[in-house]
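Understanding the architecture of this molecule
Residues per chain are reported as follows:
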Amino acid sequence: MSGSSSPTVGVIGWPIAHSRSPLIHNHWMAVHRVEGRYDRLPVAPDAIEGFLADFPSSGLVGANVTIPYKEIAYRAVAERDPVAERLKAVNCLWTDGGRLVGANTDVQGFVGNLDVALPGWDDNPRVAFVLGAGGAARAVVDGLVHRGYAVRLANRTLARAESLAALYPGRVAVCDFADAARAALQADVVVNTTSLGMKGEGEIPLELHRLGPETIVADIVYVPLETPFLARARAAGLRTVDGLGMLLHQAVPSFEHWFGVRPVVTAELRALVEADLLS
Ligand SMILES: NC(=O)c1ccc[n+]([C@@H]2O[C@H](COP(=O)([O-])OP(=O)(O)OC[C@H]3O[C@@H](n4cnc5c(N)ncnc54)[C@H](OP(=O)(O)O)[C@@H]3O)[C@@H](O)[C@H]2O)c1
């Protein structure tokens, strides 16, 4: 690693102090002997447009983008990958020939984690149920639709679910939040994308003990690591996938875009981030 005072890569957001991305990317930079370092880059809302405009001359190799800047980054780039185009959100930036380029790696984070944790999970795609229709739900729904699932979607704010479903005509059906428990019963994959389950938030209104024994239950929340929702699913004997896996796997394509080497999510890396989350 070089002793340079400026970062090579980083994550932009506001606030950004909570981000675990430096832990992940600095680990891989050390493993692959990549010079430089990955930092948190706090950018205030009144500075984001200028930051993105100056990015190609900033000396940064690349950056991740998190809340609340994924949409503004989408608009700022000269070129985007097809996933970013569908989601209208960019979470990974780099420059190519002086032009700002963007991608979205959240979909790969969600499906890539399932591919590794439960190989063959999508061999016979049927119905998936998604609770929530916020920013992260977009990536989850997109991933499920592109793996062949018919998606049922419920959200506290109905209009938000309806606008998400409208992006996938005939593939995503909206159901009432009050009817979520019944709608989830028919699904092979059930995903919580709401912030319910985070510390201090409420209970997820699904009856997990009534789901079929082969049902896969995923929670994208990773603080706490084992959400009460996942604990209930495990207690009911269901197959589960946690939010930390998605976080780790969404970082893989970013690193590959910047440094041309595809890193691996190892047990050692997972343990490193788990320890940090628990500290
Ligand atoms: N594992 C990962 O890599 C990863 C990636 C991104 C996000 N996340 C996690 O995913 C969660 C959601 O993130 P986001 O970016 O999608 O947030 P967001 O855009 O703010 O969406 C929040 C979602 O939660 C719902 N919600 C919040 N409070 C609720 C309540 N009391 N009752 C019912 N529904 C409620 C919202 O419903 P309304 O529309 O009705 O407000 C909305 O669907 C966060 O915990 C975040 O940390 C994880």
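Remember, predicted model here, so these are calculated numbers, not experimental data.

1. Details of the pairing of strand β11 (residues 216-219)
Going residue by residue along β11, you find I216 and A218 tucked away on one face and V217 and D219 tucked away on the opposite face as well. Where strand β10 (residues 189-192) lies against β11, four bridges are found, and the strand directions are parallel. Its bridge partner being in β11, N192 is matched across the sheet by D219. Sheet analysis places β11 next to strand β12 (residues 239-241), joined by three bridges and oriented parallel.

2. Some points on the sheet that holds strand β9 (residues 172-174)
Spatial strand order, β9-β8-β7-β10-β11-β12: six strands in an open sheet with parallel pairing. In this open sheet, the two strands that pair with only one neighbour each are β9 and β12. Across this sheet, the average inter-strand angle for adjacent strands is 20°, counted without regard to direction. Pairing between strand β7 (residues 127-131) and strand β8 (residues 150-154): five bridges, direction parallel. By the bridge assignment for β8, V130 is matched with L153. Its contacts with the sheet put helix α5 (residues 106-117) on β10, β11 and β12, and the angle it makes with β12 is roughly 135°.

3. Overview of the nonpolar core
Counting 33 residues, the largest nonpolar core has F110, W121, V141, L144, V172, V189 and V191 as its most contacted members. Of all the elements in the fold, those that place two or more residues in this core are α4 (82-87), α5, β7, α6 (135-146), β8, α7 (158-166), β10 and β11. If you tally residues by element for this core, the top one is α6, at six residues. Counting contributing residues per domain, this core is built from domain 1 (9-104 + 248-278) and domain 2 (108-241), each supplying no fewer than three.

4. Brief notes about the domain arrangement of the chain
Partitioning the chain into structural domains gives domain 1 (9-104 + 248-278) and domain 2 (108-241). If you average the C-alpha positions of domain 1 and of domain 2, the two centres end up 26 Å apart. The interface is formed by twelve residues belonging to domain 1 together with 13 residues belonging to domain 2. Summed over both partners, the interface of domain 1 with domain 2 comes to about 1100 Å²; 60% of that surface belongs to carbon and sulfur atoms. Contact with domain 2 buries area across many residues of domain 1, yet R86, L87 and H249 alone supply 50% of it, more than any other trio. Close ionic contact of R138 with E71 constitutes a salt bridge, the shortest N to O distance being 3.5 Å.

5. A word on the packing of aromatic side chains
Any pair of aromatic rings gets described here by the distance separating the centres and the angle formed by the planes. A full pass over the atoms with the stated rule returns six aromatic pairs. With a centroid separation of 5.6 Å and 5° between ring planes, the pair formed by W121 and Y149 is classed as stacked. With a gap of 28 residues between them, W121 in the loop between α5 and β7 and Y149 in the loop between α6 and β8 connect regions that are remote in the sequence. The exposure class assigned to W121 is buried, which follows from its relative accessible area of 7%. In this structure an aromatic cluster arises from ring pairing among W28, Y38, F255, W258 and F259. Above the face of the Y74 ring, R80 is positioned so that its terminal group lies 4.0 Å from the ring centre.

Calculation rules
- Residues numbered from 1 in each chain as written.
- Predicted model: local features only at pLDDT ≥ 70, side-chain atom pairs only at ≥ 80, totals over all residues.
- Heavy atoms only, no water.
- Buried < 20%, exposed > 50% of the residue type's maximum accessible area, 1.4 Å probe, protein only.
- Helix = DSSP H or I, 4+ residues; strand = E, 2+ residues; numbered from the N terminus.
- Pairing = 2+ DSSP bridges.
- Axes fitted to C-alpha atoms, helices over the stretch in contact; angles between N-to-C directions.
- Contact = heavy atoms within 4.5 Å.
- Core = buried A, V, L, I, M, F, W, Y, C linked by side-chain atoms within 4.5 Å.
- Domains from an automatic or database assignment.
- Buried area = accessible area lost by both parts, 1.4 Å probe.
- Salt bridge = Lys/Arg side-chain N within 4 Å of Asp/Glu carboxyl O.
- Phe/Tyr/Trp six-rings, centres within 6.5 Å; stacked < 30°, edge-to-face > 60°.
- Lys NZ or Arg CZ within 6 Å of the ring centre and 35° of its normal.

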